[in-house]
Amino acid sequence: MNKQEGQITWESPSNIAIIKYWGKHGIQLPENPSLSMTLSKCKTVTSLAYKPEAVPSDKVSYDFFFHGEKKDSFRAKIDSFFEKVIADFPFLKTLDFEIRSENSFPHSSGIASSASSMSALALCLCSLDEMLGRKSEDKDLNSFSDEFLSRASNYARLGSGSASRSVYPGFVTWGKHHELEGSTNLQAQPLPFEVHEFFSDYRDAVLIIDPARKSVSSRAGHKLMQGHPYALNRYKQASGNLSELLRALKTGDAESFVRITEQEALTLHALMMMSDPYFLLLKEHTLTAIDEIRNFRQEQNIPVAFTLDAGPNVHLLYPGSFAEPVEAFITERLKPLCAEEKIIFDHIGQGPEIKACP
Ligand code: PMV
């Protein structure tokens, strides 16, 4: 086979942040460390087909298809990503690409796809780089070294900050933190310990309260933290919450997990409400769902917790051991609050998977 022609496919999941990344500086560097749970079903499959460039140019020559349809509206984000990485991947200038991407979750579900899509694309580039630089034919391209993953996480970050965390399974941190050895703002890393078994089978029911597009892009959102009156306190709070959450994940402290998770979600929205300009993204049904979740927790003594992205949808996090009563509660009390009663049932995931390589 001609080494200069082929196709690489990666499937990469989305993740839900528990300690939120909100505010950045420099080239996609976070103002505070974050921690997320990698999902399983909400994912993007991206194929990168390549062949020698027909017309040499200094730019990246590619076509982009989303669910089989050519989509030029996605080019601005991809162009900006390529601009940041082109110096490290010289083949970007010598090959022609066809990028085909599909999400497992509906485009209108209100789920941000940048974490899964940018991590899938970064993984494709890193695999292609390995492949083109391969010295011998017998290297197993299905096994991935720590170095490969940390490199992919670094490039995923340049596409979208949260994408850096999607490269790893389970609970993942990104950003420098004094309790995490080797942690850096450049890439994410898996937890340095095994989480308590209470957290090993965690679930995320995504309640689609409003499927409309997010009303604040994360780019604009992060910018709101520049000069925000609460910025410094927020960054300090995130770091403290991360310390506490790490301890909770290690010891199986469900109560702390719930408290921190919800405080982080509400802080994110409080920050947006306090920004100039402000964004109020919580809808009536978001607030009703939060009330229902809190009441259910208090009445049943089951450690369910809600979290929110920069939008109105509610993620309900719960341990697999309580799936039955929680899912009965969801059907009875939360489903009616969702647009077309739409809920995505997801759970903690194993991280990305390579699907095809030459
Ligand atoms: O990765 P971005 O730039 O789309 O920002 C993500 C921001 C939040 O989803 C609100 C929080 C997070 O840590 O994922």
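Residues numbered from 1 in each chain as written. Predicted model: local features only at pLDDT ≥ 70, side-chain atom pairs only at ≥ 80, totals over all residues. Heavy atoms only, no water.

## Brief notes about the site of the ligand
Taken together, the neighbourhood of the ligand is formed by 13 residues, with Tyr21, Ser160, Ser162, Arg165 and Ser218 sitting nearest. Within the side chain of Arg165, a nitrogen or oxygen atom sits 2.8 Å from an oxygen atom of the ligand. Within the side chain of His222, an N or O atom sits 3.0 Å from an oxygen atom of the ligand. About the coverage of the ligand: the protein hides 93% of its 380 Å² of free accessible area. Of the residues that constitute the shell around the ligand, the class distribution is four nonpolar, six polar and three charged. (Near = heavy atom within 4 Å. Polar contact = N/O pair within 3.5 Å; in protein donor to acceptor, adjacent residues only side chain to side chain. Areas by Shrake-Rupley, 256 points an atom, 1.4 Å probe, with all protein chains shown as cover. Nonpolar A, V, L, I, M, F, W, Y, C, P; charged D, E, K, R; others polar.)

## Regarding the nonpolar core
Counting residues in hydrophobic clusters, the biggest one holds 42 residues, and the most contacted among them are Phe81, Phe82, Val85, Leu92, Phe97, Leu125 and Leu128. Of all the secondary-structure elements, those providing two or more residues to this core are β1 (6–19), β4 (34–52), β5 (61–66), α1 (75–85), β7 (95–103), α2 (114–132), α3 (146–159) and β8 (171–174). If near-sequence neighbours (up to four positions away) are discounted, Phe97 is found in contact with Leu48, Ala49, Tyr50, Val60, Ser61, Tyr62, Asp63, Phe91, Leu92 and Leu128. By size, the runner-up hydrophobic cluster in this structure holds 28 residues, among which are Met37, Tyr202, Leu242 and Ile348. (Core = buried A, V, L, I, M, F, W, Y, C linked by side-chain atoms within 4.5 Å. Buried < 20%, exposed > 50% of the residue type's maximum accessible area, 1.4 Å probe, protein only. Helix = DSSP H or I, 4+ residues; strand = E, 2+ residues; numbered from the N terminus. Contact = heavy atoms within 4.5 Å.)

## Some words on the environment of His25
Structurally, His25 is set in strand β2 (residues 24–25). For the pair His25 and Lys70, spaced 45 residues apart in sequence, the C-alpha to C-alpha distance is 33 Å. Excluding residues that lie within four positions of it along the chain, His25 makes contacts with Pro30 and Glu31. Polar contacts involving the side chain of His25 include one to the side chain of Glu31, which spans 3.5 Å.

## Side note on the packing of α1 against α3
Where α1 meets α3, the closest approach of the two axes is 8 Å, and the angle between their N-to-C directions is 135 degrees. Here α1 is positioned oblique relative to α3, judged by the angle of their axes. Seen along the crossing, α1 lies across α3 with a hand that is right-handed. Contacts between α1 and α3 involve Lys77, Phe81, Lys84 and Val85 from the first element and Tyr155, Leu158 and Gly159 from the second. Split by residue class, the contact of α1 with α3 holds four nonpolar, one polar and two charged. (Axes fitted to C-alpha atoms, helices over the stretch in contact; angles between N-to-C directions. Parallel < 35°, antiparallel > 145°, perpendicular 65-115°, else oblique. Left-handed = near helix turned anticlockwise from the far one by under 90°.)

## Things to note about α2
The end-to-end C-alpha distance of α2, which contains 19 residues, comes to 27 Å, matching closely the 27 Å that a straight helix rising 1.5 Å per residue would cover. Across the 19 residues of α2, 16 count as buried, placing the element largely inside the fold. (Expected span 1.5 Å × (residues − 1).)

## With respect to the packing of α1 against α2
At a minimum axis distance of 12 Å, the contact between α1 and α2 shows a crossing angle of 40 degrees. Relative to α2, the element α1 is oriented oblique. The chirality of how α1 crosses α2 is right-handed. Residues Lys77, Ile78, Phe81, Phe82 and Val85 of α1 touch α2, and the partners they reach there are Ser114, Met118, Leu121, Ala122 and Leu125. Of the residues in the contact of α1 with α2, the class split is eight nonpolar, one polar and one charged.

## Focus: the environment of Lys176
Position of Lys176 among the secondary structure elements: in the loop between β8 and β9 (188–190). Through-space distance from the C-alpha of Lys176 to that of Ala122 is 22 Å; in sequence the pair is 54 residues apart.

## Looking at α1
Within the sequence span of α1, burial applies to Ile78, Phe81, Phe82 and Val85. One face of α1 carries all of its buried residues, which in axial projection span an arc of 100 degrees. Opposite the buried face of α1, at more than 90 degrees from it, the exposed residues are Ala76 and Glu83. (Arc of directions from axis to C-beta.)

## Section: the environment of Ile111
Turning to its location among the elements, Ile111 is positioned in the loop between β7 and α2. Residues Ile111 and Ile208 lie 97 residues apart in sequence; the distance between their C-alpha atoms is 8.6 Å. Sequence-distant contacts of Ile111, that is, excluding residues within four places in its chain, are made with Ser14, Phe105, Val206, Ile208 and Ile344.

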